Structure formats: structure tokens, C-alpha cells
Amino acid sequence: MADIDRSRTMAADPKEVWDVLADFGSISSWADNIDHSCILNHGSEPVGTTRRVQIGRNALVERITEFDTARVLTYDVEGLPKRLRRFTNRWSLQPTHDGKTVVTLTSTVEIGSGPIQKLAERMVCRVHVRQSDVMLAGLANRLEKPRV
């Protein structure tokens, strides 16, 4: 398994950040790399809820696996090439002393246990860094834009 973390401090308190992230079906309204998103089904709790995201010609399903209000949102991404056994995004929020929030997006990739698979996991993470940066920038833009 390989992980890559990207963080950004946002001029918003954790509740404001959480409200955007927890509106699970609306990621396309702030993430510029996602063309369309919608809820497919609501779980009995937030865990289990799925959304469909459209990225170019690719349609993916994302399923919430961890939901700790105002702290952590984790989801598995389904519909990627079969070589990727598992791909997970984990958003975590850490309040700062000055009312801002450090938002960290951790992407985890699992392909296999052999040396070639481990190398491929690290390569996928490196490529995904750009996507993570786009999502963090979109979230910051949404939260920090002056409200009219």
C-alpha cells in the first residue's frame, strides 16, 4: 500500500469546511476536476452512502467508509482499472489556533505486494498529487471566496 498526503490551510473554521465536504453529492460544485456528481444511495448512516462522479469519460462510484463529524471523511473509489485493488481518499480536518483549518487529503493506493506492484503504487500516488491539489484548491476557493 502507498499513501500520499497533501495539505492546505484554509481561512475557514472546521465546521464550514465540514459542511462542504459532508454535502457528499455536491463535490462537482467546487472540485474543478470533477464534471458531475450525484448521490446514488444514502446509507442508514453516512457510512455506506455512495455518489457517482464523472471525470471526463470516466464514471466512478465513491462509497463512504468513515465519517467522523467535523474531523474525518473517508471513501473508497470504485470503477478504476482492476489492477488497482483499492483506492481511498481520506479528508481530515485540524483546527488551528487562529480559527483556520488545516485540511489534509490522503490518497491510498493498493495494487499488490510484489516489488513491481509497490513501484506502481508509488507512481499512481505521484500522478494523483495533481488531482489532490486541484481538489484542495477548489475547496479553498469555495470557502475563501468573498460572499456577496
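Now for a description of the structure that goes with this document. It should be emphasised that the depicted structure is a prediction, and the values quoted were computed from it without experimental measurement.

Three or four residues apart is the spacing at which side chains of an α-helix point the same way, because the helix has 3.6 residues per turn. For helix α2 (residues 115–144), with 30 residues, the first-to-last C-alpha span of 43 Å sits near the 44 Å given by 1.5 Å per residue. Residue His 128 marks the point of greatest curvature in α2, where the axis turns by about 35°. Those residues of α2 not exposed but buried are Glu 121, Cys 125, His 128, Val 129, Ser 132, Met 135, Leu 136, Gly 138, Leu 139, Ala 140 and Leu 143. Of the surrounding secondary structure, the elements contacted by the buried residues of α2 are β1 (2–10), α1 (14–22), β6 (86–95) and β7 (101–110).

Inspection of every chain in the model, using the stated rule, returns eight salt bridges. For Glu 62, the salt bridge goes to Arg 51, with nearest N and O atoms at 2.5 Å. Remark: Arg 51 occurs in strand β3 (residues 50–55) and Glu 62 occurs in strand β4 (residues 58–68); sequence separation between them is 11 residues. As far as the burial class goes, Glu 62 and Arg 51 line up, both buried. In this structure, the salt-bridge partner of Arg 63 is Glu 78, at a minimum N-O distance of 2.9 Å. In this pair, Arg 63 is assigned in strand β4 and Glu 78 in strand β5 (residues 72–78), connecting sequence segments 15 residues apart. For Glu 78, a relative accessible area of 30% translates into the label partly exposed.

Conventions we followed
Residues numbered from 1 in each chain as written. Predicted model: local features only at pLDDT ≥ 70, side-chain atom pairs only at ≥ 80, totals over all residues. Heavy atoms only, no water. Helix = DSSP H or I, 4+ residues; strand = E, 2+ residues; numbered from the N terminus. Expected span 1.5 Å × (residues − 1). Bend = angle between axes of the 7 residues up to and from the residue. Buried < 20%, exposed > 50% of the residue type's maximum accessible area, 1.4 Å probe, protein only. Contact = heavy atoms within 4.5 Å. Salt bridge = Lys/Arg side-chain N within 4 Å of Asp/Glu carboxyl O.

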